[in-house]
2 protein chains.
Amino acid sequence: MTDLPERQERARAWFEELRDDLCAAFEALEDDCDPALYPGPPGRFERTPWTRGDGDDGGGVAGLLRGRFFEKAGVHVSTVSGQLSAEFAPSVRGAGPDRRFWASGISLICHPRNPHCPTGHMNTRFLVTNESWFGGGGDLTPMLDYQRTEKFLDARDFHAVWKEVCDPHGADYHAIYRKWCDDYFFLKHRDEPRGIGGIFFDHHNSGDWEKDFAFVQDVGRAFLDIYPKILRRHMATPWTPVERDEQLVRRGRYVEFNLLYDRGTLFGLKTGGNVDAILSSMPPEVKWP
Amino acid sequence: MTDLPERQERARAWFEELRDDLCAAFEALEDDCDPALYPGPPGRFERTPWTRGDGDDGGGVAGLLRGRFFEKAGVHVSTVSGQLSAEFAPSVRGAGPDRRFWASGISLICHPRNPHCPTGHMNTRFLVTNESWFGGGGDLTPMLDYQRTEKFLDARDFHAVWKEVCDPHGADYHAIYRKWCDDYFFLKHRDEPRGIGGIFFDHHNSGDWEKDFAFVQDVGRAFLDIYPKILRRHMATPWTPVERDEQLVRRGRYVEFNLLYDRGTLFGLKTGGNVDAILSSMPPEVKWP
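This write-up is about the structure you can find in this document. (Residues numbered from 1 in each chain as written. Chains lettered and ligands numbered in written order. Predicted model: local features only at pLDDT ≥ 70, side-chain atom pairs only at ≥ 80, totals over all residues. Heavy atoms only, no water.)

In this section: the pattern of salt bridges. Residue and element names in this part refer to chain B. Evaluation of the coordinates by the stated rule reveals 58 salt bridges over all chains. For Asp 157, the salt bridge is made with Arg 233, and the minimal N-O distance between the two is 2.4 Å. Here the residue Asp 157 occupies a position in helix α2 (residues 153-166), and Arg 233 occupies one in helix α4 (residues 209-234), the gap between them amounting to 76 residues. With relative accessibility at 23%, the residue Asp 157 sits in the partly exposed group. A relative accessible area of 35% places Arg 233 in the partly exposed class. (Salt bridge = Lys/Arg side-chain N within 4 Å of Asp/Glu carboxyl O. Helix = DSSP H or I, 4+ residues; strand = E, 2+ residues; numbered from the N terminus. Buried < 20%, exposed > 50% of the residue type's maximum accessible area, 1.4 Å probe, protein only.)

Attention now goes to unusual backbone geometry. For residues that are not glycine, phi is negative in most cases, and the peptide bond is trans in most cases. Residues and elements named next belong to chain B. A positive phi is found at Asp 191, a non-glycine position, where the angle reads about 55°. Among the secondary structure elements, Asp 191 is positioned in the loop between β7 (186-187) and β8 (192-193). Under the relative-accessibility criterion, Asp 191 is labelled exposed at 61%. Phi at His 203 takes a positive value of approximately 55°, unusual for a residue other than glycine.

Moving on to the side chain of Gln 8 of chain A. Within the secondary structure, Gln 8 of chain A is located in helix α1 (residues 4-32). Setting aside its immediate chain neighbours within four residues, Gln 8 of chain A contacts Trp 102, Phe 126 and Val 128 of chain A. (Contact = heavy atoms within 4.5 Å.)

This part covers the packing of helix α5 (residues 241-260) of chain B against helix α6 (residues 263-270) of chain B. Residues and elements named next belong to chain B. Running from N to C, α5 and α6 cross one another at 60°; their axes reach a closest spacing of 6 Å. Between α5 and α6, the angle is such that the two are oblique. Together, Asn 258, Leu 259 and Leu 260 of α5 and Thr 265, Leu 266 and Leu 269 of α6 make up the contact between the two elements. Partitioned by chemical class, the residues of the contact of α5 with α6 number four nonpolar, two polar and no charged. (Axes fitted to C-alpha atoms, helices over the stretch in contact; angles between N-to-C directions. Parallel < 35°, antiparallel > 145°, perpendicular 65-115°, else oblique. Nonpolar A, V, L, I, M, F, W, Y, C, P; charged D, E, K, R; others polar.)

Written out as structure tokens, the structure reads:
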């Protein structure tokens, strides 16, 4: 594993490069939207660095935009290391008796103001214990009922992109990772999906690191391409108060998912993580009527 | 235990009587508030009966008011029986191999529109397995920082009432049940209390059922007395948009508590309970800015 430090460095650099590209694409939406529909100045990401513990265990940069097109968008990168807690270690692949780990990744969640523009979520990460692997995925949560079907153009395009990304890397990747996404982003208590899906994967290690890294880069690039396209498709569509209400209620489901089921959120909150960064994924305004 | 059926019937009847008195007190607030500050017609409780399973296992009545003074208020009674699930039974006191249980109770949560009026929560219940006991409590969650201190008049009055209720029944009740409340209604991930406390108790069984029932009745009557008094104290106070925002953010903490920590909510949602009734406790409008 003499290549490992170089691989960690390349993964970290990629996640940060992707972060810059995503932030630029989202800021372009802030610039390009119609001021008649979206009053106020175009929003910009504010980047807040943070460190883990005393700083020897790495840290990250929380990027948050509160804008006119995006009511709230968070794009975070972090590269952390240290020892897993004794309680948590048994559930982490490859964690040895020393419980050492290293992790670098990017995570993104966008809540557009326009109810016709779906909420987007993407994350990818590289993890190292005594083993190493990639994890992540991308999924779409349309707010309005008429968009929450596989037949709607956005859903068709979104799924087509993931199939295109997956197929060259592994013939069964798309079927497996799409189902994983459907299973994971599901509100059991309401027997309803969070959104229209996408892909979700973990412990991705084919034995060929270069190939796996290329896959994860393709996942990031695909999201960078398709999500702004879908947003631009609807950004000029005006909305009614009734549609706004439907959006705010739908966002409540998003909150329910994140606080009841999302493993990353729950793990972070219950182990003393950075509350503000973890909960930056929460929608800015929500209704339970 | 030949008295048990009579006790169950008396408990059920009491919870329903208390429900009627609370609903009447809250509807009076809807009538008495200043229409200049609270536009629209006075709200009334809508009662929706529901049954558990095929109806042989009891049911309840969900009471929900969406009004001008109360943005949302829920007062629910239920009397259910049956068999605990095999997974849940080990955590329930006195559940025998047959896992039979019976439970009757009232639960209440009120979200006033005025940020100066605190959110209120109360519940009491009588549980029967191979043992029997009372549980419940009442607590107050002021929305605005200036009210969230023990020194504020509301908090002083609220705690004084519980001390008055507890002391005649047991010299140590108030100290124990107040601390239990503080410990329970605490957001560990933010290291902050949900509100200013009150009392919280479970497995309350002194060996003298009449005495315990009298205590639980006193708890209900005390809440019926003090909470509307506190609301009337602030109902004529106008509020600013900044105060409204502080309220909406504070309500986010309430959501976080209910979905991350509240045992009743989590148990209900994860075991196929009535989602609408369980989540009727969610605040009507919330912000995570």
